[in-house]
Every structure is written in C-alpha cells, then in structure tokens.
Amino acid sequence: MNIRNFSIIAHIDHGKSTLADRLLERTGAISEREMREQVLDTMDLERERGITIKAQSVRLDYRAGDGRHCVLNLIDTPGHVDFSYEVSRSLAACEGAVLLVDAAQGVQAQTLANAFLAIEAGLEIIPVVNKIDLPAAQPERAAAELAAVIGVDPDDVVRVSAKTGGGIDELLERIVRDVPAPRHRPDQPLRALVFDSYYDAYRGVVCYVRVVDGSLDEGDSVLFSATREKHQATEVGVLTPRAVRVPTLGTGEVGYLITGVKEIDRIRVGDTVAHAGVSIEPLPGYRDPKPMVYSGLFPADGDDFERLREALEKLRLNDSALVYEPETSRALGFGFRCGFLGLLHMEIIRERLEREYDLELVATAPSVAYRVTLTDGSVKEIRSPQDLPGSDRIDHMEEPFLRAMIIAPSEYVGTIMELVQARRGVMEHMQYLSPERVELIYHLPLAEVVFDFFDNLKSRTRGYASLDYEPHDYRVSDLVRVDILLNGQPVDAFSTVIHQEKAYQYGKRMVERLRRLIPRQLFDVPIQAAIGSRIISRETVKATRKDVIAKCYGGDVSRKRKLLERQKEGKKRMKMVGQVEVPQEAFISALQADAGD
Amino acid sequence: MTVPVGSPDSPFLADAAAGWSAAYVHIPFCARLCPYCDFAVVAGRQDQTDRYVSALQSEIAMEPSWRPLDAVYVGGGTPSRLTVEQLGYILEEMRSRFGFGDRPEVSLEANPEDWTSSLADGLRRSGFNRVSLGVQSFDPQVLRSLGRMHTPEQAETAVLNARRTGFRSVNLDLIFGTPGESAASWRATVDRALNLEPDHLSLYALTVERGTDLSRAVAAGAPAPDPDRQADAYEAAKELCRAAGLVQYEVSNWARPDHGCVYNLIIWAQGEYLAFGAGAHGHRDGVRRRNVRRLDAYLEKVEGGHRPEQGAETLEEWAREQERLIIGLRRAAGVVPGWGGETLLLSSWGRRLERAGVLARKGDRLTVLQPLLGDEAARAVLALQPRER
Ligand SMILES: Nc1nc2c(ncn2[C@@H]2O[C@H](COP(=O)(O)OP(=O)(O)OP(=O)(O)O)[C@@H](O)[C@H]2O)c(=O)[nH]1
Ligand SMILES: C[S@@+](CC[C@H](N)C(=O)[O-])C[C@H]1O[C@@H](n2cnc3c(N)ncnc32)[C@H](O)[C@@H]1O
Ligand code: SF4
Ligand SMILES: [Mg+2]
C-alpha cells in the first residue's frame, strides 16, 4: 500500500481547513451533499469562531496520475499560537508537511514558527501559496518569501486557490511524489501511537492511533505500555472522515481503536499500544506542553464541584495540554487551579466545560507562574497568588520571559518599538525580510504578552503585524502581590502577582469596579488594594440609609412577607466576606471584566 | 377597656393588642386614581355605592359570629365618597352582628376634598370617633406631582374642622420623598401638620409600587424617589415630631400618649381582625384570608350568596413565628424574643445586625434600633432555619 502521511500547517487563517475541504472533495472522501466549508472543523466552537482548535486527521483514497492507488492520511492543524502544541504532535505522526502562505499576506509569524517545527522534525516540506484568486494576491512575492524561508527555488512553490480549487490536482501529485512513504516495518511486533482520544458516553474511551510497526486487528488483545492496562480491541476503523469499521489497521495506517474502557485515567495520549505479552520498546510519545497561564475555575454552584472534576477528566482525554489541581478559595469555594497554553485556550476550555458538560463557572484572573527563591535558598514555582510566601521569606522573584517574533510592514517599526518598550521588552534583533517587511525578535515578560498584547499590536499596525512566541527564560523582576480587601479582609480570588509598576493601576481598577458591584450594606464598606500592609487604593461603598417598606398594606401581612421572601432568596446566594454580603454575580462580573480588559 | 392608655410605644400595649379584636371594611371608590396608589380602588363607579353597601351588609351577615369588636377601621380607597347614611348602615350591621367592646375605636379614612361640617357631624353621630385624613403634603406642587385633588388650605380646614367636631383622635397621612420635593418643602409640610396639633401622624416614604402609573413613568425615565434623600427627610421629620411631643411607635407612625391606633396595634401584634369588602384582608382563627379584589367580581359573588373569598393561608408554626417577628419588629416596642428571636440572635445574620447597631436586645425585648434598615432584619428572620426548642 502506498501511504503518505502529511499535515497542513500555516499561519492562522491562511486557508488550511479550506484546502483540506478541496482535498476531501477531489479524492471523493466526501460527497457534494455532505460538503460544507471547513468540514473538518466539527466542534461548535470551531464553527462559531471560524478557527481550527483541534488537529483533525482524515484518510483519503487517491488514484495518482500514474494509476497507483494511494492512501493519504491528512492532518489539518490549528494556526493560533496557543495551539502550536497540536501542530508539533501532528508533525510527529507525519513524513511531510504542506506549508501554506496566503498570497495576499505573505509569510507571517506562525508561517516561520511552523516551518521551523517541520524542519526540526525532519519532514519534507511542500511549499504552497494559497488564495491566488484574491484580487490583492501577490503570488510571486509570497512564493519568493516562502522559498527563501525553506531554501528552495520559487518555481518549486505550488500555487493554489482553496476557494476555487485551482492547482489542487498539481498539489496532490506533489504530495504523492515528494512526501516519503512511512518506513514500513510490517514484520515487526505491533507498536501504535495513541495521538488523541475522546470520551464517548456509549463506547467509552475512543483512541486515535497511528500504527507504526506491525498491524492491529479487531479482537486483538492489546496492552497500553505506560499504564500497563490490558484490553481487547473490540473495534478498529479508519476516519474517512466518518468512522468506518475495518478488520485490520496495517502498518502506517491511521485510525481509531475502541477497547470498551470507561475509566478515563487508564488511557493516556502519547502512550504506545502493543500486543499483550509481546515486549516492545515504547514509542517516544509526547512531551507534555508547559502551561503558559493559570487560572482558578470554580463552579458557580458549589454543589457542582464533583461534576466539574469529572468534566475536567473527560476533557483532558481530548486535550492533553490541559492541566489542573484542586484549589480552595474562601470566596469561591472548591475548584481547580488550571493551566492553559494561552488565553484563547483558557477561553475554549471554559466554554467547552460550560457547553459540553452544562456547567456554570467562575474563573479567577489569569496569571503566569513565577519562580520564587526563598531566603533559605530553596526555589518554588508559584502558580497562584495565594501560594506566595510572606515577603520576609522571599529572597527574590523571577518571571518567565518569552522570545517573541513580530513580523510587520516596516512603516510600523516605530509604533511597535513603543509598545514593546512599554511592556518591558528587550530587543534581540531586527531583520528585513524584504524592503517592506521586517522581523523583530524581542524578549518580553510572558505576563505582558499573554493578555492583551496581541490586540494592541494589531490595532497599532492596522492588523498587519503577526506575532509568535515561545518560552525563553526566567528573569529577576520587581514583582509584588496586590491583595484586594473588603472591609479589611483579603478576598483571595482577586489577589494577583504583578510587576511593581503595574500594581497601582491594577489595584485602582479592581477597587473601582468592586465599588460599583457591591451593594450597599448596613455599614460603610471600605474596599482597598494593598501591597503587604501598604494601601495603594481605596474606595468606600456607603452604608444603606433606607431599606424598609414604608407601609404595612392595610392588614395585608402576607404580601409584605412574600415581598421579603423574594428578596431573601437573593440573600441566601450571597457570600459573606469580612461581614460583607457579596452577590455571587459581583465576583463573576469583577473577574470577567478583568479577563476582558 | 381598649382605649390605648399610655405611651403608644409601650411594650404593654404592643403585647396586649395581640388579644384584641378588630374589623376592617374596604371602600374601593375614589374620584380618580392617584398615580402611585396600588390599593384595591375604582374610579367612575360612584353609581355602584348602594349596591356595594348592600353587599357589605350581606357579607357581614355571612361571617360566623365572633367576639365584640375593639376597633373598626373603614379604609380605602376613599370611604368619604360614601354618604353618612351608607357609612351608618355599615357600622350598624357590624354592631348588630358582633357587638362592640367597651369604648371601641371606630376609624374612617377621608380625603380632604370630601370633608364638610355636615359629613363630620354625621360621622360623629353614627359613632365614628377617629378620622384619618389623606393630607399627603402642604406643598401645592407636591400635591400636583402626586395627582391629588385638594389644596393645602382644604386639608388644613378639614383637619381643624375634624378637631372641632370632637373626634377623639385625628390622624394625618403625609408622603415624603416625592421627586421634586425639597428638604425645605418637606420641613414646611411637617411643621404645618404639627401646628395643627394632630393626635396621630403617619409619614410614608413615597413607594413605587409595581403596576402603577408611577412605576411606568419611572421605567420610562421619570425621576424615581431617592432613598438617601428620603432617609434625610425621615430623620428631619423624626426630630420635628419628637420636639412636638409625638412618640414614634412604628416605622411610619407617631402618636400622642393615649392615641396609639388600636387597629394598627392589633395588626402589628399578629392579632385577629375580620375583613369585609373588595380586596380586604383578614386574620381569624389563625387563618389569613383575602377577598377578591375586583369590584364586579366581589359584587357578583356576594349577590350570588357566596363568601367573596379569593384565598386563605394557614401558617405553619415556624412561619407564624417568623411573621410575628417581621411585623412586630417594625414597632418601637419590639418583640418578646421568643423562639424566633433567640434563633435570630444566635445566627450569623443576627450577630451582624447587632454589630451594625440595627438590632438590639434590651432587657426582655428585642428591638430594631434603626427603623429605616428594618427590612434587612426581616429578611434575616425569613432566611433562618428553625432551631430545636
Ligand atoms: N479568497 C479565498 N479565500 C480563502 C481561500 N482559502 C481560504 N479562504 C478563506 O480564508 C478564511 C480562513 O480559512 P480557513 O480554512 O478557516 O483557515 P485556517 O488556516 O484553517 O484557519 P485556522 O484553522 O484558524 O488557523 C476563510 O474565510 C476562507 O473562506 C482561498 O483560496 N481564496
Ligand atoms: C389606604 S391609603 C388611602 C387613603 C385615602 N384614599 C387618601 O388617598 O388619602 C392610605 C395612605 O397610604 C399612603 N400611600 C398610599 N400609596 C402610597 C405609596 N405608593 N407610597 C407611599 N404612601 C402611600 C397615603 O399616605 C395614603 O393616605
Ligand atoms: S391614594 Fe387614596 S384617593 Fe388616591 S387612589 Fe389611592 S385610595 Fe384613592
Ligand atoms: Mg483551520
């Protein structure tokens, strides 16, 4: 069998999923009736936002120009920087990569980042310029840029339009011609890599596997190497993109495996499947990505804690970048401290939890992990402001820095430098990709980039700048913890670790917001922002002066009672913090607004 | 002996009233409807008063016999829209059905524009000995905002006439915090009311009730009463009343010694009272009942020989105890703490109220020290779970 495994990689929105549509169509994997735009973006969230969140693999049967029958295993990958981990994982299952560039935009930051990933993984790269149908397309310029990045001749760059289908036939031929066939070892004992999984309420855990050596038959007795779990392969099949049951998955094939396992913790993405009783060397698997941001997730209704735990377990099967550990907050109750790859990832996880598991959640302000060296010389990683030891025990603190790549038209260099400086960035170097376009490399604190940096960058460059980044190192920094006090009591959910220069701004913003959100009480309620014992900002919610029904309605005592009953229901939902009744909604609004601005 | 002898805020009166008996009669007719009012009222149905009075008589006759009445309260709507004769029939029916106690309090609500010397004389002759006049304000502009038909002078004349006619107690109702009413205007209103030396004064903060023209106007952007300014007005009035020798005995009520309102005292003590008329509410044999509210429905029911009851509710023991506290704590005399009060004092809400200086236990009584924050205490009571006794 002629097998070709390849990923489609590109900067966000350059047309990967649309190109996949055309490949599915041209190979007859999907009928005209079933076709819709970005058909592989199956999640509701992907369709609503028009972006790919999860890599998707699909098997295509293709009869090549020379009459050979080929099986093409295609993986459509996400373009957003938060999901570059998905790209790395996809590349690990392939021998080739189709690297797309938008003909109107040219090479962008994730074009470079993804190209480097593919080169590092030793893949054959097929350079493609997409969207040649656009009026603003400059295919020659884009092709030249792309060729320069990977060091090929511009004539070797394929030109396509994923919209009109122009150039698709040529691309298919190039894939068959250039992507190496997987190194078959059909005679070796079975080794299959679990590269993804999800939980199905009826069938239990469904694993997506790539058979690297040997073959996997339905009915085989299999062993998951890392967890030492032994099970029966009750069903195997391929994704075309619909699941189609097959009797066997041969060497190099990609498909699914169902063992009937319902216990989620028995299966791990990155694990190797072998035949039971046969000893093998497990495949390298995946390096777990390190979270970039952390945030506390709490059920709005405290009774939902267990449901949240289950939901996280199930979601983790489908998203191994998600990490979490239990956390307790005085203000919000029991929840989890979760680690995410970025704000978009955080938003997606939260929305998936709410939609797919019908939960209502409160998220605390996202923060990055800091490294604290204590006076006794030991080093601690702080993922939650509450974990920060007293300042007397801290020798110094370090914060994570990124190496960020910005690509933009050269006229914006000035405004970008301004922005980056305001965010404490340090330039590593700057290079002209062409007379009109520059690449800037900066070292920037993660905390300054992860929240609103990209939005700012885009608005200052009218959308023309692109950004990519990777973790770089830790640097000593002037960090402080800002606490928010209600009536003298700190509210843990609002504490944050922040650079000294930004502390006042944060404190003032939170305090003002809370003043608007907290209802008047029986007494004046001071709201303060503090660093240690030093108050940096203060507002007061003035005491209620009048809270009484004027009249007892001519003997209609029941009416007054009912009126008060209704109000009392609200009272029961209040959280008491330092003698102050705070509506649950106030916490939610205060925290939401913070993630937003 | 039910003359409320002594200071209106005396714990003795507050508690004793629990054992007294009253009857309330509702008269829904008004000349026109005030924009803030959400009582059971009708305008333009003056032709129905005879029918209504007959229906009242039938309803009273249908009520199982009871104890003699210590207080009768004819309220509205606007009872002064009825003739002296009609009012007389109602009282007569009541007297013959239940009998009156020794020196009962017999009250009537009246609107100033209806007040005449002959009405006053007639009322006295029929047996009314207390009158409550809906003065609301002495500021013509405020009266206009409230949609009232009378002038300040009419109100003043009515009060002076009522006093002269020899009613035992004269009350004035005033409303404060109407948008547009200045602090000075309110002080002037209270001053002028106090100059008339009333026996009793009810001061109500203007309340935006659901479904009224006022609430629709506010929803559409008209100014709403400002609670902070109402609090200022309240404090100012409190001071003026104190200086004039009136004693506050409930959130919104003041009286001279010996002039506490018996009917009010009964309601606040969770006592029992019969109720007649459209939309009237009663409390008898531990059951709270309410009558149908619409005039036509009321007339049809009664004329068809049925009791015009719309619904009834018997409270469980704990709910009853909560109710005792909610209404009782509105009084200056407060309540005997009892089962519910002890539970409240032990709860986190109770302690918070104490710490904030809203609630206090003084000797054998539990009182709300800041009446303007009383609903916070009431909500706390309702949120309580009963404790084992
Ligand atoms: N005119 C034109 N538009 C295209 C072409 N290919 C894709 N698009 C449009 O570009 C937008 C992005 O396309 P997608 O296929 O979702 O891009 P993507 O690379 O998968 O995006 P991510 O998965 O979010 O990284 C959509 O509006 C497509 O319709 C093309 O060849 N021509
Ligand atoms: C039962 S009402 C009717 C009395 C009489 N018809 C009158 O209007 O004068 C008794 C009193 O309640 C008060 N009142 C009625 N509606 C009110 C409201 N929405 N806000 C404050 N006080 C109100 C007025 O002071 C009124 O005099
Ligand atoms: S306030 Fe008095 S007069 Fe005005 S509508 Fe209500 S009951 Fe009638
Ligand atoms: Mg996509």
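Note that this is a predicted model, so its numbers are computed, not measured.

Criteria and thresholds
- Residues numbered from 1 in each chain as written.
- Chains lettered and ligands numbered in written order.
- Predicted model: local features only at pLDDT ≥ 70, side-chain atom pairs only at ≥ 80, totals over all residues.
- Heavy atoms only, no water.
- Axes fitted to C-alpha atoms, helices over the stretch in contact; angles between N-to-C directions.
- Helix = DSSP H or I, 4+ residues; strand = E, 2+ residues; numbered from the N terminus.
- Parallel < 35°, antiparallel > 145°, perpendicular 65-115°, else oblique.
- Contact = heavy atoms within 4.5 Å.
- Nonpolar A, V, L, I, M, F, W, Y, C, P; charged D, E, K, R; others polar.
- Near = heavy atom within 4 Å.
- Polar contact = N/O pair within 3.5 Å; in protein donor to acceptor, adjacent residues only side chain to side chain.
- Areas by Shrake-Rupley, 256 points an atom, 1.4 Å probe, with all protein chains shown as cover.
- Salt bridge = Lys/Arg side-chain N within 4 Å of Asp/Glu carboxyl O.
- Buried < 20%, exposed > 50% of the residue type's maximum accessible area, 1.4 Å probe, protein only.
- Donors = N, O, S within 2.8 Å, 3.2 Å for Na, K, Ca; no water.
- pLDDT = per-residue confidence, 0-100.
- Buried area = accessible area lost by both parts, 1.4 Å probe.
- Phe/Tyr/Trp six-rings, centres within 6.5 Å; stacked < 30°, edge-to-face > 60°.
- Pairing = 2+ DSSP bridges.
- Core = buried A, V, L, I, M, F, W, Y, C linked by side-chain atoms within 4.5 Å.

All names here are of chain A. In the contact formed by helix 1 (residues 16–26) and helix 6 (residues 168–178), the axes pass within 11 Å of each other and the chain directions differ by 85°. Judged on the interaxial angle alone, helix 6 and helix 1 are roughly perpendicular. Between helix 1 and helix 6, the contacting residues are Leu19, Arg22, Leu23 and Arg26 on the first element and Ile168, Asp169, Leu171 and Leu172 on the second. Each residue belonging to the contact of helix 1 with helix 6 can be placed in one class, and the counts come to five nonpolar, no polar and three charged.

Let us look at the site of ligand 1. Residue and element names in this part refer to chain A. Taken together, 18 residues sit near ligand 1, with Lys16, Ser17, Thr18, Thr52 and Asp133 positioned nearest. Within the contact set of ligand 1, an oxygen atom lies 2.7 Å away from a side-chain nitrogen or oxygen of Lys16. One of the backbone nitrogen or oxygen atoms of Gly79 is found 3.0 Å away from an oxygen atom of ligand 1. For ligand 1, whose free accessible area comes to 650 Å², the fraction covered by protein is 84%. The dominant element in the shell around ligand 1, judged by the number of residues it contributes, is helix 1, at three residues. Here the shell around ligand 1 is built from residues that sort into four nonpolar, nine polar and five charged.

Residues and elements named next belong to chain A. Going through the model one piece at a time under the given rule, you end up with 70 salt bridges over all chains. Here Glu140 ties to Arg159 by a salt bridge, and the two come within 2.7 Å at their closest N and O atoms. Of this pair, Glu140 sits in helix 5 (residues 139–150) while Arg159 sits in strand 6 (residues 158–159), and the two are 19 residues apart along the sequence. According to the relative accessible area criterion, Glu140 is exposed, its value standing at 52%. Arg159 sits in the partly exposed class, given a relative accessible area of 22%. It is possible to trace a salt-bridge network through shared partners that takes in Glu48, Arg49, Glu347, Glu351 and Arg355.

Moving on, we get to the coordination of the magnesium ion (ligand 4). Residue and element names in this part refer to chain A. Those donors, Ser17 (OG) and Thr52 (OG1), are the protein atoms that reach the magnesium ion (ligand 4), and they lie 1.9 to 2.0 Å from it. Taken together, the positions of Ser17 in helix 1 and Thr52 in the loop between helix 2 (44–49) and strand 2 (56–63) put the pair 35 residues apart, joining distant regions of the chain. Both residues of the pair, Ser17 and Thr52, count as buried.

Let us now look at the confidence of the model for chain A. Confidence along chain A averages 90 in pLDDT terms, with 98% of residues attaining 70 or more. Mean pLDDT per element in chain A: helix 14 (residues 584–596) of chain A is the minimum at 67, and strand 5 (residues 124–130) of chain A is the maximum at 98.

On the side of chain B, 46 residues touch chain A, which itself brings 34 residues to the contact. Contact with chain B buries surface across chain A, with A:Leu522, A:Arg545 and A:Arg561 losing the most and accounting together for 20% of the total. Seen at the junction of chain A and chain B, the total is seven salt bridges. In this structure, the connection of chain A to chain B is made through 17 residue pairs in polar contact (both at pLDDT 80 or more). Among the secondary structure elements, those contributing two or more residues to the side of chain A that touches chain B are helix 13 (557–572) and strand 33 (580–583) of chain A. Among the elements that take part in the side of chain A that touches chain B, helix 13 of chain A stands out by supplying 13 residues, more than any other. Class assignment of the residues belonging to the side of chain A that touches chain B gives a composition of 11 nonpolar, seven polar and 16 charged.

A few words on the site of ligand 3. Residues in contact with ligand 3, as listed here, are B:Cys30, B:Leu33, B:Cys34, B:Tyr36, B:Cys37, B:Val41, B:Gly77, B:Thr78, B:Asn111 and B:Arg148. The residue inventory of the shell around ligand 3, partitioned by class, reads six nonpolar, three polar and one charged.

Residues and elements named next belong to chain B. In this structure the tally under the stated criterion is 18 aromatic pairs over all chains. Look at Tyr24 and Tyr263: their rings are 6.0 Å apart centre to centre, the planes differ by 20°, and that puts the pair in the stacked class. In this pair, Tyr24 is assigned in strand 1 (residues 21–27) and Tyr263 in helix 10 (residues 262–268), connecting sequence segments 239 residues apart. Taking 5.4 Å as the distance between ring centres and 65° as the angle between the ring planes, the aromatic pair formed by Tyr249 and Trp268 counts as edge-to-face. One end of the pair, Tyr249, is in strand 9 (residues 247–250); the other, Trp268, is in helix 10, and 19 residues separate them in sequence.

The next point concerns the sheet that holds strand 3 (residues 69–76) of chain A. All names here are of chain A. The sheet built from six strands is open, its strands ordered 2-3-1-4-5-6 with mixed pairing. Each edge of the sheet is formed by a strand with only one pairing partner; in this case those strands are strand 2 and strand 6. Note: strand 2 against strand 3, eight bridges, orientation antiparallel. By the bridge assignment for strand 3, Val58 is matched with Leu74. Sitting on the sheet, helix 5 is in contact with strand 4 (96–102), strand 5 and strand 6, with an inclination near 160° to strand 5.

Another aspect to go through is the nonpolar core. Membership of the largest hydrophobic core comes to 72 residues, with the highest contact counts inside it found for B:Met94, B:Trp115 and B:Leu201. Of all hydrophobic cores here, the second largest spans 60 residues; its members include A:Val511, A:Val525, A:Ile549 and B:Val381.

The next point concerns the side chain of A:His11. With respect to the secondary-structure elements, A:His11 resides in the loop between strand 1 (2–10) and helix 1. Non-local contacts of A:His11, meaning those with residues more than four positions away in its chain, are made with A:Lys16, A:Gly79, A:Gln108, A:Ala109, A:Gln110, A:Thr111 and A:Ser466.

It is worth spelling out the pairing of strand 19 (residues 333–340) of chain A at this point. Residue and element names in this part refer to chain A. Burial analysis of strand 19 places six of its eight residues in the buried class, the great majority of the element. Here strand 17 (residues 293–299) pairs with strand 19 via five bridges, running antiparallel. Considered in strand 19, the bridge of Val293 is made with Phe340. The pairing of strand 18 (residues 323–329) with strand 19 spans seven bridges and is classified as antiparallel. Paired with Glu325 across the bridge in strand 19 is Arg337. Two successive antiparallel strands, strand 18 and strand 19, enclose a turn made up of three residues.

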